[in-house]
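Fold and contact review
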Amino acid sequence: LVDQAETPMHDVRLYMKRNHANLKVWTIVGSITNPTQMEDIFAAHCPEYVFHAAAYKHVPMMEDNPAMAVQNNVYGTRVIADLAVKYGTRKFVMISTDKAVNPTNVMGATKRACEMIIQHKAQHSTHTEFVTTRFGNVLGSNGSVIPLFRRQIESGSPVTVTHPDIIRYFMTIPEAVSLVLEAGAMAHGGEIFVLDMGAPVKITTLAENLIRMYGKIPYKDVPIVFTGLRPGEKLFEELLMDEEGLKSTANEKIFIGNQININSAELLKKLDELKVVANSNDSEKTVELLADLVPTFNHKTN
């Protein structure tokens, strides 16, 4: 287990010691943007399977810090993908997001760039099978809206929703994990697995139901305040690019999007240029080059 977030890693470490004492677990604090450390880890452990979930993922934060979003999400993914090939990893599963589809924000665009990197690797790797899994919001995960609503209700504050009509797809952590593992198992390389998130949920309805769970009446006991869409935020998310199409699998909850051809020379050139600009912390130029790299990126600053 490798993560730069020390406290969550410590929590996992204690959980594993308590519940799986006989299992050998390495908990390593590190950043995917540190290629020297990452290579040391790959050289020492030679992982057969890599599940790559590391990313800065809060949309408003990444709108304010686009250079860091690129350094961590895009460059970090490239570091790990290169090392997977070098050290003979059998399968590399990247965790993507519905926000990568026709992205309107920096975070989504960086994740689409990651998908492009993974598809490029899939087209040029003879040993490592590279695949992507794409899904929406996970209840209870970092950044989930439920803990925020709970804190607001418990403190007596109004519940804040950005827009009365905003909708999102949700699944639970066990659902997401099991589907990612199954998609990884059935992968042959190059696929984008799209996980069926079920019916979208209106965030306003979610807030109203949670207020009722506390025995209170929405709008009477607990106000709901609409704060306006945040920069880069959509009213609804899409799970599939227009050009991908869908193929069913043995699991009715997992679909496959067609692989998109990548112009490797052009992709690598643009990635190198983007890395230089992001490392210089030039936010405006970073967004400009990110938009050039990801043609479907329609940046909205609201």
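For the structure, check the block above.
Here's a quick rundown of the structure. The model shown is predicted, which means the values in this text are computed figures rather than measured ones. (Residues numbered from 1 in each chain as written. Predicted model: local features only at pLDDT ≥ 70, side-chain atom pairs only at ≥ 80, totals over all residues. Heavy atoms only, no water.)

Moving on, we come to empty space enclosed by the protein. One pass over the structure, following the stated rule, counts one cavity of 30 Å³ or more. Of the volumes computed, that of the largest cavity is approximately 60 Å³. If you go around the largest cavity, the residues you meet are V70, V74, Y75, R78, L271, L274 and K275. Contributions of two or more residues to the lining of the largest cavity are made by α4 (66–86) and α9 (264–279). For the lining of the largest cavity, the leading source of residues is α4, giving four residues. Here the lining of the largest cavity is built from residues that sort into five nonpolar, no polar and two charged. (1 Å grid on protein atoms, 1.4 Å probe; cavity = no way out; pocket = protein on both sides within 12 Å on 5 of 7 lines; lining within 4 Å. Points joined across faces, edges and corners; volume = space filled by probe spheres on them. Helix = DSSP H or I, 4+ residues; strand = E, 2+ residues; numbered from the N terminus. Nonpolar A, V, L, I, M, F, W, Y, C, P; charged D, E, K, R; others polar.)

Per the stated rule, a full pass over the model turns up 17 salt bridges. Across the salt bridge formed by E115 and R134, the nearest N and O atoms sit 2.8 Å from each other. Note that E115 is positioned in helix α5 (residues 106–124) and R134 in strand β5 (residues 129–134), a separation of 19 residues in sequence. For the pair shown, E115 and R134 are each scored as buried. In this structure, D292 and K270 form a salt bridge, with 3.6 Å as the shortest nitrogen-oxygen distance. Note that D292 is positioned in helix α10 (residues 283–293) and K270 in helix α9, a separation of 22 residues in sequence. (Salt bridge = Lys/Arg side-chain N within 4 Å of Asp/Glu carboxyl O. Buried < 20%, exposed > 50% of the residue type's maximum accessible area, 1.4 Å probe, protein only.)

What follows is about the packing of aromatic side chains. Under the counting rule described, the total for this entry stands at two aromatic pairs. A centroid spacing of 6.3 Å and a plane angle of 40° characterise the contact between F42 and Y87, whose relative ring orientation is tilted. Here F42, found in helix α2 (residues 35–45), pairs with Y87, found in the loop between α4 and β4 (91–95); they are 45 residues apart in sequence, far enough to count as distant. Each ring, one from F92 and one from F130, has its centre 5.1 Å from the other, and the planes form 40°; the classification is tilted. Of this pair, F92 sits in strand β4 while F130 sits in strand β5; the two residues are 38 residues apart in sequence, bridging distant segments of the chain. Sitting above the plane of the W26 ring, K24 keeps its charged end 5.2 Å from the centroid. (Phe/Tyr/Trp six-rings, centres within 6.5 Å; stacked < 30°, edge-to-face > 60°. Lys NZ or Arg CZ within 6 Å of the ring centre and 35° of its normal.)

With respect to topology, six strands assemble into an open sheet ordered β3-β4-β5-β10-β14-β13, the strand pairing being mixed. Both edges of this open sheet fall to β3 (49–52) and β13 (247–248), since each of them pairs with a single strand only. In the packing of α4 onto the sheet, the strands contacted are β3, β4 and β5, and the crossing angle to β4 comes to about 165°. (Pairing = 2+ DSSP bridges. Contact = heavy atoms within 4.5 Å. Axes fitted to C-alpha atoms, helices over the stretch in contact; angles between N-to-C directions.)

Once that is clear, we can look at helix α7 (residues 173–186). An ideal rise of 1.5 Å per residue puts 20 Å on 14 residues; α7 measures up with 20 Å between its terminal C-alpha atoms. Within α7 the residues assigned to the buried category are A176, L179, V180, A183 and G184. The buried residues of α7 all sit within an arc of 135° when viewed along its axis, so they share a single face. Along α7, the residues that are exposed and aim more than 90 degrees away from the buried face are P174 and A185. (Expected span 1.5 Å × (residues − 1). Arc of directions from axis to C-beta.)

Even without a glycine there, the phi angle at C46 is positive, about 40°. Residue position: C46 is located in the loop between α2 and β3. Look at Y219: it is not a glycine, yet its phi comes out positive at around 75°. Within the secondary structure layout, Y219 lies in the loop between α8 (203–213) and β12 (224–226).

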